[in-house]
Amino acid sequence: MSKVLLMIASSPRSMEAQRAFHLARTLHTQRRTVSVVLLQDAVLAAVGNGPAQDPDGLAMLVPRGVSVYVCEHDLTLRGFAPDMIGGAQSVNDQRIVDLMVADDTRTFGCF
Amino acid sequence: MSKVLLMIASSPRSMEAQRAFHLARTLHTQRRTVSVVLLQDAVLAAVGNGPAQDPDGLAMLVPRGVSVYVCEHDLTLRGFAPDMIGGAQSVNDQRIVDLMVADDTRTFGCF
Amino acid sequence: MDSFCILFRKAPYGTIVAAEGLRHLIAAAGMMAARAILLDDGVYLAKRGQEPGDSGWINLSQTLEKALADCRADPSCQLHVYVHEGSLKERNLDPAVLVSGVELADDDQVATVIAEARRMLIF
Amino acid sequence: MDSFCILFRKAPYGTIVAAEGLRHLIAAAGMMAARAILLDDGVYLAKRGQEPGDSGWINLSQTLEKALADCRADPSCQLHVYVHEGSLKERNLDPAVLVSGVELADDDQVATVIAEARRMLIF
Amino acid sequence: MEPEGPASHKTLTIFLAATPYAGEQASTAIRLARAAINAGHRVSIFASADGVYGFTVGHRAKGLPNAETGFGDLIARGAHVELCGSCLATRGLKRESLLPGADPSSLEKLFRLIRESDVLLTLGE
Amino acid sequence: MEPEGPASHKTLTIFLAATPYAGEQASTAIRLARAAINAGHRVSIFASADGVYGFTVGHRAKGLPNAETGFGDLIARGAHVELCGSCLATRGLKRESLLPGADPSSLEKLFRLIRESDVLLTLGE
């Protein structure tokens, strides 16, 4: 079974991002290997959102073993330092492309 | 104190529409006379959404005395009949303009 | 298994997005095995009885229904349109109000259709 | 009491909307009593430390801060920027991360500023 | 409070920031403007950001409302239209590609319009 | 399963449906396309709906990234660009207003591009 990479660009509280988070959980429940890349406004999901703030969102994915990558460019643009994220990895554009085109990976997005 | 008319055009579950519903409640709590006009995708708030589905949304405004007007054109375009709405009134464009320009009314929108 | 998929997430008419998705779905169905998933506000695309009148819009749910009927009449055509049950329920929409030819799918089925897609366009 | 108000609801950069609101706010402040409300994702506009680098974007929070400072130095200028406390709290944002010159406002104050506005632009 | 004119002579200003084919915003602007004009009100439309795309010529829309026709009709009925000049420049839109009657304007003129209007409505994305 | 090429020769297709100045989508498309080209991958961009506005000429953007410059640079680096033809017609965009190298195309060509690509990414509103 191939890996699934979900690219998310929408604001964390938008229906679009919430749907992508939900899909990531369902795919994970189906025992698929799921990774998530956060781009544009979606990077805001990786700052300041503890599980208490967002019980259905990103914060529940990391502890379940979903890899979360955050676009460094879009984080710093918005005034957040790459080291502010718990459980997620900040990545540059080159690394995002590497993730997208990796063998055995199906990339879907942007949500 | 003048009346407040909120024009809402966004999808009922969007942050934008939810904010407008919340604002309508707060203005109502401040003892202001509040009315709401639903346009475009926001008309979907007036169909099929009982309080159980949407405890913070439109369904709680009508019982509190907030007048809710729904754009008839946008309802029928989407396949809903004007008589499907409980507690809200379907209105044509002319009536919407009358509401917007009514004396002593401050019109804000579109959310 | 390796099909092309289009995701519909937004209500018709309010934004162009659903109409654009439909235009692409119909074109795709003529060229490859195509699947569509209607979820969140995207489920409203399949609501029957839309009445564009003289607005200039085409009737999107009728166009979807016709595409499905045309495809059933053509043995070489492979088109499936799945409507997400959870999104219908949240919106208090009865499946009976949907145009004919669409299929219901739960969370699990939606995730499977997506994961099985080789490529997906998102609207 | 009768002021002009601009509502900021979206995060900066992801959409042009916050930048457009800011452009209009600065122009308005030169011509009339102007108030702005940052709420929902709009609160991120005031986050200090934005780094556009060579992206081509101007630094929006710095631009906001400068507009507020310029206005304080000009006795004829009337500009207030309110940041919604509830939206900050939901996003786990400490008011200390905001640029200087903005004022905090609760639900009640936000509603009052809006109701007192004679006209409002929404971004 | 500013004095309120008689109900039949209000001024409605629409601030339009959505593209003509983003969805329903252009149609909403056109429908409400038409209804307001029919009721004897004055209507101004100020197009800003991506809203300026709506006032170019040569549209051939199929299956969705033709914005050029709608806006042209409004101008013919007396709607006043101004376009954000810097927004046109950003997008490379030149005067010769614009609908007659839709003229480049400025923020200063926008706020003059706003001050003179009884109702201000934003139609954005 | 289709055969996967070596990691250094994948094809990325970006389906771009947002206007050049709607926000960050055009910049994201440009940044990811540039990174992909730098890594030796092939890149195609298919602009659809309001996305076609990004491939006109004469932009003078201030304070936000100039999309024309970014897309022109990508084309110079070998990115393949196609524009939805009916979307151009809807919006009244003529060939002479388009960026050289960005050519009108069709749905049939889009699906050919999609079939030939390893990764398909949508950037919309």
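Just above, that's the structure.
Just so we're clear, the structure is a prediction, and the values are computed from it rather than from any experiment.

Quick look at the packing of aromatic side chains
Part 1 of the argument: Inspection of the entire model under this criterion finds 13 aromatic pairs over all chains.
Part 2 of the argument: Their ring planes at 5° and their centres at 6.3 Å tell us that Phe 15 of chain E and Phe 46 of chain E sit as a pair that is stacked. Linking Phe 15 of chain E in strand E1 (residues 11-16) with Phe 46 of chain E in strand E2 (residues 42-47), this pair joins segments that are 31 residues apart in sequence. In this structure, Phe 15 of chain E and Phe 46 of chain E share a single accessibility class: buried.
Part 3 of the argument: On the basis of an interplanar angle of 35° and a centroid distance of 4.1 Å, the ring pair of Phe 55 of chain E and Phe 71 of chain E is categorised as tilted. Of this pair, Phe 55 of chain E sits in the loop between E2 and helix H2 (67-76) while Phe 71 of chain E sits in helix H2, and the two are 16 residues apart along the sequence.
Part 4 of the argument: Its relative accessible area of 0% is what places Phe 55 of chain E among the buried residues.
Part 5 of the argument: Taking relative accessible area as the criterion, Phe 71 of chain E reaches 1% and is therefore assigned buried.
Part 6 of the argument: A cation over an aromatic ring shows up here: Lys 47 of chain C above the ring of Phe 80 of chain B, its NZ or CZ 4.8 Å from the ring centre.

Section: the sheet that holds strand E1 (residues 3-8) of chain A
All names here are of chain A.
Part 1 of the argument: Strands sit in the order E4-E3-E2-E1-E5 across an open sheet of five strands; the sheet is parallel. Two strands lie at the open edges of the sheet, namely strand E4 (89-91) and strand E5 (105-108), each paired on one side alone. Across the sheet, the axes of successive neighbouring strands diverge by a mean angle of 25°, strand direction being ignored.
Part 2 of the argument: As paired strands, E1 and E5 are joined by four bridges and run parallel to one another. Each residue of the ladder has a partner; that of Lys 3, found in E5, is Thr 105.
Part 3 of the argument: Where helix H1 (residues 15-29) meets the sheet, its contacts fall on E1 and strand E2 (34-38), and the angle it forms with E1 comes to roughly 170°.

A short note on unusual backbone geometry
Part 1 of the argument: A cis amide bond links Gly 109 of chain A to the next residue, Cys 110 of chain A, at an omega of -5°.
Part 2 of the argument: Positive phi, normally seen in glycine, also occurs at Arg 31 of chain A, with a value near 65°.
Part 3 of the argument: Looking at the secondary structure, you find Arg 31 of chain A in the loop between H1 and E2.
Part 4 of the argument: Assessed through its relative accessible area of 76%, Arg 31 of chain A is described here as exposed.
Part 5 of the argument: For Asp 104 of chain B, which is not glycine, the phi dihedral falls at a positive 60°.
Part 6 of the argument: Its place among the elements puts Asp 104 of chain B in the loop between helix H3 (93-101) and strand E5 (105-109).

Some points on the sheet that holds strand E3 (residues 80-84) of chain E
All names here are of chain E.
Part 1 of the argument: Pairing within the open sheet is parallel, and its five strands lie in the order E4-E3-E2-E1-E5. Because the sheet does not close on itself, it has two edges, and the strands there are strand E4 (102-105) and strand E5 (119-123). Strand-to-strand twist of the sheet, defined as the mean angle between neighbouring strand axes without regard to direction, takes the value 25°.

Some thoughts on the interface of chain E and chain C
Part 1 of the argument: With eight residues of chain E at the interface, the matching set in chain C holds eight residues.
Part 2 of the argument: Among the residues chain E hides against chain C, the three largest losses belong to Glu 24, Gly 63 and Pro 65 of chain E. Together they make up 54% of the total.
Part 3 of the argument: Here chain E and chain C share five residue pairs in polar contact (both at pLDDT 80 or more) between them.
Part 4 of the argument: Within the side of chain E that touches chain C, the residues separate by chemical class into four nonpolar, three polar and one charged.

Some words on the interface of chain A and chain F
Part 1 of the argument: The partner chain F presents 21 residues to the 22 residues of chain A that form the contact.
Part 2 of the argument: Together chain A and chain F conceal approximately 1,700 Å² of surface at their shared face, both sides included; 56% is due to carbon and sulfur atoms.
Part 3 of the argument: Considering only the side of chain A, the residues that lose the most area to chain F are Gln 40, Met 100 and Val 101 of chain A, jointly responsible for 30% of the buried surface there.
Part 4 of the argument: Inspection of the chain A/chain F interface yields four salt bridges.
Part 5 of the argument: The closest approach of N and O atoms between Asp 103 of chain A and Lys 10 of chain F, which form a salt bridge, is 2.8 Å.
Part 6 of the argument: Remark: the boundary between chain A and chain F carries 10 residue pairs in polar contact (both at pLDDT 80 or more).
Part 7 of the argument: Here the side of chain A that touches chain F gets six residues from one element, more than from any other, and that element is helix H3 (residues 93-101) of chain A.
Part 8 of the argument: When the residues that make up the side of chain A that touches chain F are grouped by side-chain class, the tally is 10 nonpolar, five polar and seven charged.

The rules behind the values
Residues numbered from 1 in each chain as written. Chains lettered and ligands numbered in written order. Predicted model: local features only at pLDDT ≥ 70, side-chain atom pairs only at ≥ 80, totals over all residues. Heavy atoms only, no water. Phe/Tyr/Trp six-rings, centres within 6.5 Å; stacked < 30°, edge-to-face > 60°. Helix = DSSP H or I, 4+ residues; strand = E, 2+ residues; numbered from the N terminus. Buried < 20%, exposed > 50% of the residue type's maximum accessible area, 1.4 Å probe, protein only. Lys NZ or Arg CZ within 6 Å of the ring centre and 35° of its normal. Pairing = 2+ DSSP bridges. Axes fitted to C-alpha atoms, helices over the stretch in contact; angles between N-to-C directions. Contact = heavy atoms within 4.5 Å. Buried area = accessible area lost by both parts, 1.4 Å probe. Polar contact = N/O pair within 3.5 Å; in protein donor to acceptor, adjacent residues only side chain to side chain. Nonpolar A, V, L, I, M, F, W, Y, C, P; charged D, E, K, R; others polar. Salt bridge = Lys/Arg side-chain N within 4 Å of Asp/Glu carboxyl O.

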